[in-house]
Amino acid sequence: MGSVGSVTDTVRRAVCPGSYDPVTQGHLDVIVRAAAIHDEVVVAVLHNPAKAGTFTVPERIAFIERAVAARDVAGSVRVEAFAGRLLVDVCRDLDASVIVKGLRGSTDFEYELPMALMNRHLTGIETVFVPGDPALAHVSSSLVKEVARFGGDVSGLVPDEVRDALVERLRADG
Ligand code: PNS
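On a predicted model such as this, the values are computed, not experimentally measured, just so you know.

J.: Help me understand the layout of surface pockets in this model?
T.: In this approach a probe as big as a water molecule rolls over the atoms, and the regions it shows empty are the leftover space. The volume enclosed by the largest pocket comes to roughly 1,300 Å³. Around the largest pocket, the lining comprises 47 residues; the ones closest to its centre are P17, G18, S19, H27 and Y111. In terms of residues, the lining of the largest pocket owes the most to one element, helix 4 (residues 106-123), which gives seven residues.

J.: For this particular structure, what's the right way to read the nonpolar core?
T.: Nonpolar side chains tend to gather and get buried jointly when the protein is soluble and globular. One finds I31, I64 and L166 to be the most contacted residues of the largest nonpolar core, which totals 35 residues. Elements supplying a minimum of two residues to this core: strand 1 (13-18), helix 1 (25-36), strand 2 (40-47), helix 2 (57-69), strand 3 (77-83), strand 4 (98-103), helix 5 (141-149) and helix 6 (160-173). Among the elements that take part in this core, helix 2 stands out by supplying six residues, more than any other. Contacts of L166, omitting those with residues within four sequence positions, involve P22, F55, V144, K145, A148, V154, V158 and R171. Counting residues in each nonpolar core, the second largest holds 12 residues, with V42, F82, L87 and V90 among its members.

J.: When you look at the site of the ligand in this model, what are you seeing that I'm missing?
T.: The ligand sits among P17, G18, S19, L46, R85, L86, L87, K101, Y111, M115, M118 and N119. S19 places a side-chain nitrogen or oxygen 2.6 Å from an oxygen atom of the ligand. Between the ligand and the protein, one listed contact pairs an oxygen atom with a backbone N or O atom of L87 at 2.7 Å. Listing elements by their share of the shell around the ligand, those giving two or more residues are strand 1 and helix 4. At four residues, helix 4 tops the list of elements feeding residues into the shell around the ligand. Looking at side-chain class alone, the shell around the ligand contains seven nonpolar, three polar and two charged residues.

Reading the values: rules and limits
- Residues numbered from 1 in each chain as written.
- Predicted model: local features only at pLDDT ≥ 70, side-chain atom pairs only at ≥ 80, totals over all residues.
- Heavy atoms only, no water.
- 1 Å grid on protein atoms, 1.4 Å probe; cavity = no way out; pocket = protein on both sides within 12 Å on 5 of 7 lines; lining within 4 Å.
- Points joined across faces, edges and corners; volume = space filled by probe spheres on them.
- Helix = DSSP H or I, 4+ residues; strand = E, 2+ residues; numbered from the N terminus.
- Core = buried A, V, L, I, M, F, W, Y, C linked by side-chain atoms within 4.5 Å.
- Buried < 20%, exposed > 50% of the residue type's maximum accessible area, 1.4 Å probe, protein only.
- Contact = heavy atoms within 4.5 Å.
- Near = heavy atom within 4 Å.
- Polar contact = N/O pair within 3.5 Å; in protein donor to acceptor, adjacent residues only side chain to side chain.
- Nonpolar A, V, L, I, M, F, W, Y, C, P; charged D, E, K, R; others polar.

What follows is the structure, given as structure tokens:
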């Protein structure tokens, strides 16, 4: 381990992976908190090219970049997209030593634990779980989309720009 200020100090780079279709305030809370405890955060937009999402990958990236730009941590966060790859391989290419995930509750934990164990099995990479903000425990991309599709107000659950785009997109899609 390098001493404080030593040139041998390594950058602690974390990856916040997800499909981000679209990014929610819950995601942003986790990204900002991950950035507060690491030197750098790469928000990895992982997508399946065979599956059309609600938003294109460039749209998802732009929503995240613009939302992060308004935060103090903007300088240490970047957003990149990856398709059809294992998360561990993405982390290796990015030279990231940690995966950060938010947990809204026990259902998230049940879903995330096998993935964290599998990822550690594959390359030894650790996953750090951040407890989600309880005020956002009900917020997911899929629920937000369902509410918006049927005319519900999702203000405060996603950035305003995303809310407006959701209304447009889901109305256009019928
Ligand atoms: O936002 P999501 O859909 O919950 O994100 C899930 C995601 C993209 C992080 C997860 O499906 C993933 O890591 N996919 C990459 C492929 C992979 O590595 N699969 C094995 C996980 S153990």
